[in-house]
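An overview of the molecular structure
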2 protein chains.
Amino acid sequence: MIQSTPVATGVTTPVDVCTVAPPAHPRPDGQDRYTISEVAAWTGLSAHTLRWYERIGLMPHVDRSHTGQRRFTNRDLDWLVFVGKLRLTGMPVAAMVRYAELVRAGESTFEERRELLETTRRDVLARIAELNGTLAVLDHKIGFYGSRPPAAD
Amino acid sequence: MIQSTPVATGVTTPVDVCTVAPPAHPRPDGQDRYTISEVAAWTGLSAHTLRWYERIGLMPHVDRSHTGQRRFTNRDLDWLVFVGKLRLTGMPVAAMVRYAELVRAGESTFEERRELLETTRRDVLARIAELNGTLAVLDHKIGFYGSRPPAAD
DNA sequence: CGCTTGCTTGGAGTGCACTCCAAGGTTCTA
DNA sequence: TAGAACCTTGGAGTGCACTCCAAGCAAGCG
């Protein structure tokens, strides 16, 4: 299952990574220079995965300390939160990389970005419909096995 | 994406594979002895996948012709339709195999089967909630890119 | 200063769900 | 009855999304 990897618990501010400089929301320790393990803990992704995201172009190039260690900014955190959402949609990594490329390419790609997101949106709606279809079957069968699905949820 | 593999288009009868002999619904050519390629065409699964399902125990053992070729019955078709639904829920194959084992084990496993399906149901609800969450983000961002999401759907 | 813990890299490995292959036997149509 | 099309098997290969490894610097504390 693609389901819930615990992405970024504890965020309360509405996120707004949209391409062009959103006002950065100060994060946990407010330094704007987080190590990879801090970011890993904060996002729920592994450090491995964060490096991998950078390698495949899913992260804009991350700042480095004078000795070459990664220092993530609040902006990077915002981006990762958004990427986490895209991942939850079921969007393949290749498409997320494409989106990241468009973001790097600047404003001229607004239209294509919108299209990509709208395609994703349609996919999500289709998937929800599909899941609702399976719910019907599941409920039918659960009824068959002698108990109603729990009323609450 | 796990999404829509075209599973069994053209089914109109409500399916009811539930374990204990449901009245078989006559299928397309009404012979009750379909070759693997007929079943592949009918379910949208590949012949490879059908053989693989049998190998891993996701299919009850399929009838054979006197020379050893598979001959699927309407019952098998019903089962495959149901398995297709389970697959759409995002249930891992291993869990579907577990369910198939329980079915083979007989009535004493009703309770465990019900639990398995209810767990799956909860997973589906959670996934739908997750997807609705992504829709909110998607819509926000699509609005950001200068056009509202299409009104219809 | 030394020590532990953390970070770096390229490349290899993992798990899932298929997907395909080769070599040969079977079935159907003309 | 020939030939095309289809079926069989075990095992190997594929694509995706990570996940881990080894060898070697870097950072922070007493």
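All residue numbers refer to position in the chain's written sequence, counted from 1. Here the convention is simple: chains get letters from A, ligands get numbers from 1, in the order in which they are written. Only residues with pLDDT of 70 or above have their local features reported here, since the model is predicted, and side-chain atom pairs are shown and tallied only from 80 upward, although totals for entire chains, interfaces and linings are computed over all residues. By convention in this description, side-chain values take in all heavy atoms of the structure and omit both hydrogens and water.

1. Digging into the overall build of chain A
Labels follow the DSSP assignment, with helices taken as runs of H or I lasting at least four residues and strands as runs of E lasting at least two, numbered in each case from the N terminus. Counting its secondary structure elements, chain A contains five helices and zero strands. Written out in order from the N terminus, the α and β elements of chain A read α-α-α-α-α. Categorising residues by exposure relies on relative accessible area from a 1.4 Å probe, with only protein chains included: less than 20% of the type maximum marks a residue as buried, more than 50% marks it as exposed, and the intermediate range marks it as partly exposed. Of all 153 residues assigned to chain A, the portion counted as buried reaches 44%. Contacts are residue-level and defined by heavy atoms, with any inter-residue pair within 4.5 Å sufficient. In chain A, of all internal contacts separated by at least 6 residues, the share reaching a separation of at least 24 is 59%. Carbon together with sulfur atoms contributes 55% to the accessible area of chain A, which is approximately 7800 Å² in total. Areas reported as accessible are Shrake-Rupley estimates using a 1.4 Å probe. Residue values count occlusion only from the protein chains shown.

2. Regarding the protein's contact with DNA strand C
Here a residue is near a molecule or strand as soon as one of its heavy atoms is found within 4 Å of it. The environment of DNA strand C is formed by 19 residues, the closest being S37(A), R51(A), R70(A), H48(B) and T67(B). Within 4 Å of the protein, the contacting atoms of DNA strand C are 73% sugar and phosphate, with bases supplying the remainder. Distance and chemistry together define a polar contact, namely a pair of N or O atoms within 3.5 Å, with one atom able to donate a hydrogen and the other to accept it when in protein, and with adjacent residues in sequence counting only for side-chain atoms on both sides. S37(A) places a polar side-chain atom, nitrogen or oxygen, 2.7 Å from a phosphate oxygen of DNA strand C. Counting only elements with at least two residues in the surface near DNA strand C, the list comes to helix 1 (36–43) and helix 2 (47–55) of chain A together with helix 2 (47–55) of chain B. Residues are grouped as follows: nonpolar covers Ala, Val, Leu, Ile, Met, Phe, Trp, Tyr, Cys and Pro; charged covers Asp, Glu, Lys and Arg; every other residue, Gly included, is treated as polar. Grouping the amino acids of the surface near DNA strand C by side-chain chemistry returns five nonpolar, nine polar and five charged.

3. A word on the pattern of salt bridges
Side-chain pairing between opposite charges can occur once the charged atoms of the two side chains come close. Whenever Lys or Arg places a side-chain nitrogen within 4 Å of a carboxyl oxygen from Asp or Glu, that contact is recorded as a salt bridge. In the structure shown here, the tally under the stated rule is 18 salt bridges over all chains. Between R70(B) and E54(B) there is a salt bridge, with the nearest N and O atoms lying 2.6 Å from each other. Remark: E54(B) occurs in helix 2 and R70(B) occurs in the loop between helix 2 and helix 3 (74–89); sequence separation between them is 16 residues. Each member of the pair R70(B) and E54(B) is classed as buried. Of the charged contacts, one joins R114(B) and E118(B) as a salt bridge, the two residues approaching to 3.0 Å between their closest N and O atoms. With R114(B) and E118(B) both in helix 5 (residues 110–144) and four residues apart, this pair spans about one turn of that helix. Given a relative accessible area of 10%, E118(B) falls into the buried group. Several salt bridges share partner residues, and in doing so they unite E54(A), R64(A) and R70(A) into one network.

4. As for the packing of helix 1 (residues 36–43) of chain B against helix 3 of chain B
Residue and element names in this part refer to chain B. Every axis in this analysis is a line fitted to C-alpha atoms, fitted for helices over the stretch in contact. Angles between the N-to-C directions lie between 0 and 180 degrees. At a minimum axis separation of 11 Å, helix 1 and helix 3 run at an interaxial angle of 35 degrees. As helix 1 packs across helix 3, the resulting crossing turns out to be right-handed. Residues V39, W42 and T43 of helix 1 form the contact with helix 3, whose participating residues are L77, L80 and V81. When the residues that make up the contact of helix 1 with helix 3 are grouped by side-chain class, the tally is five nonpolar, one polar and no charged. A crossing counts as left-handed when the near helix is turned anticlockwise from the far one by less than a right angle, and as right-handed when that turn is clockwise.

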